Amino acid sequence: QVQPVESGGGLVQAGGSLRLSCAASGRNYAMGWFRQAPGKAREVVAAISWGGGTTYYADSMKGRFTISRDNAKNTVYLQMNSRKPEDTDVYSCAARRIIASTKSHEYDYWGQGTPVTVSS
């Protein structure tokens, strides 16, 4: 059992950067970042394996977003650069066992989400 807790959301100007954090106790969990707009389906942003050696990104995120983790701090990060207004959403982190996945239904534990607004 693990309860991810996101932080770091807020307002950022278009073209700017923001780093989200996800604190999640426990070991051997792969983590994913997802985002969701009201009335829209959740979509993957990025995912990372427990060991950090494998990462995945949605095509629209490649080159702009970076997922990383510090297991000693039980924290996963999402560095978001070159922010665009369409990046405005609620961002959630989720946990599953060891192997990263881009499929939201394969994750077992979810945080409450942190809203991110990108102004133009």
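One can find the structure itself at the top, above this paragraph.
Residues numbered from 1 in each chain as written. Predicted model: local features only at pLDDT ≥ 70, side-chain atom pairs only at ≥ 80, totals over all residues. Heavy atoms only, no water.

1. Digging into the overall build of the protein chain
Link 1 in the chain: Of the regular secondary structure elements, the protein chain holds zero helices and eleven strands.
Link 2 in the chain: What you see in the protein chain, going N to C, is helices and strands ordered as β-β-β-β-β-β-β-β-β-β-β.
Link 3 in the chain: Computed over its C-alpha atoms, the radius of gyration of the protein chain comes to 13 Å, within 12% of the 14 Å expected for a compact globule of 120 residues.
Link 4 in the chain: Principal axes of the C-alpha set define a box for the protein chain whose edges measure 40 × 30 × 25 Å.
Link 5 in the chain: For the protein chain, restricting intrachain contacts to residue pairs at least 6 apart in sequence, the fraction spanning at least 24 positions comes to 58%. (Helix = DSSP H or I, 4+ residues; strand = E, 2+ residues; numbered from the N terminus. Rg over C-alpha atoms; globule rule 2.2 N^0.38 Å. Contact = heavy atoms within 4.5 Å.)

2. What about the state of the cysteines?
Link 1 in the chain: Taken as a whole and assessed by the stated rule, the structure comprises one disulfide.
Link 2 in the chain: One disulfide in the model links Cys 22 with Cys 93; its S-S distance is 1.8 Å. With the S-S bond torsion at 60 degrees, the cross-link from Cys 22 to Cys 93 turns out right-handed. Note that Cys 22 is positioned in strand β3 (residues 18–23) and Cys 93 in strand β9 (residues 89–97), a separation of 71 residues in sequence. Of the two residues, Cys 22 and Cys 93, both sit in the buried class. (Disulfide = S-S within 2.5 Å. Buried < 20%, exposed > 50% of the residue type's maximum accessible area, 1.4 Å probe, protein only.)

3. As for the sheet that holds strand β8 (residues 75–80)
Link 1 in the chain: Pairing is antiparallel in the open sheet, where four strands are placed in the order β1-β3-β8-β7. Of all the strands in the sheet, just β1 (5–7) and β7 (65–70) have a single pairing partner and so form its edges. Across this sheet, the average inter-strand angle for adjacent strands is 20 degrees, counted without regard to direction. (Pairing = 2+ DSSP bridges. Axes fitted to C-alpha atoms, helices over the stretch in contact; angles between N-to-C directions.)

4. Things to note about the packing of aromatic side chains
Link 1 in the chain: Under the counting rule described, the total for this entry stands at four aromatic pairs.
Link 2 in the chain: Their ring planes at 65 degrees and their centres at 6.3 Å tell us that Tyr 107 and Trp 110 sit as a pair that is edge-to-face.
Link 3 in the chain: Overall, the relative accessible area of 5% leaves Tyr 107 in the buried class.
Link 4 in the chain: Relative accessible area serves as the criterion here: at 23%, Trp 110 is assigned to the partly exposed category.
Link 5 in the chain: In textbook terms, an aromatic cluster arises when at least three aromatic residues are bridged by ring pairs, as seen for Phe 34, Tyr 107 and Trp 110.
Link 6 in the chain: The ring of Trp 110 carries the charged tip of Arg 42 above its face, separated from the ring centre by 4.2 Å. (Phe/Tyr/Trp six-rings, centres within 6.5 Å; stacked < 30°, edge-to-face > 60°. Lys NZ or Arg CZ within 6 Å of the ring centre and 35° of its normal.)

Shape descriptors only; they carry no functional weight alone.
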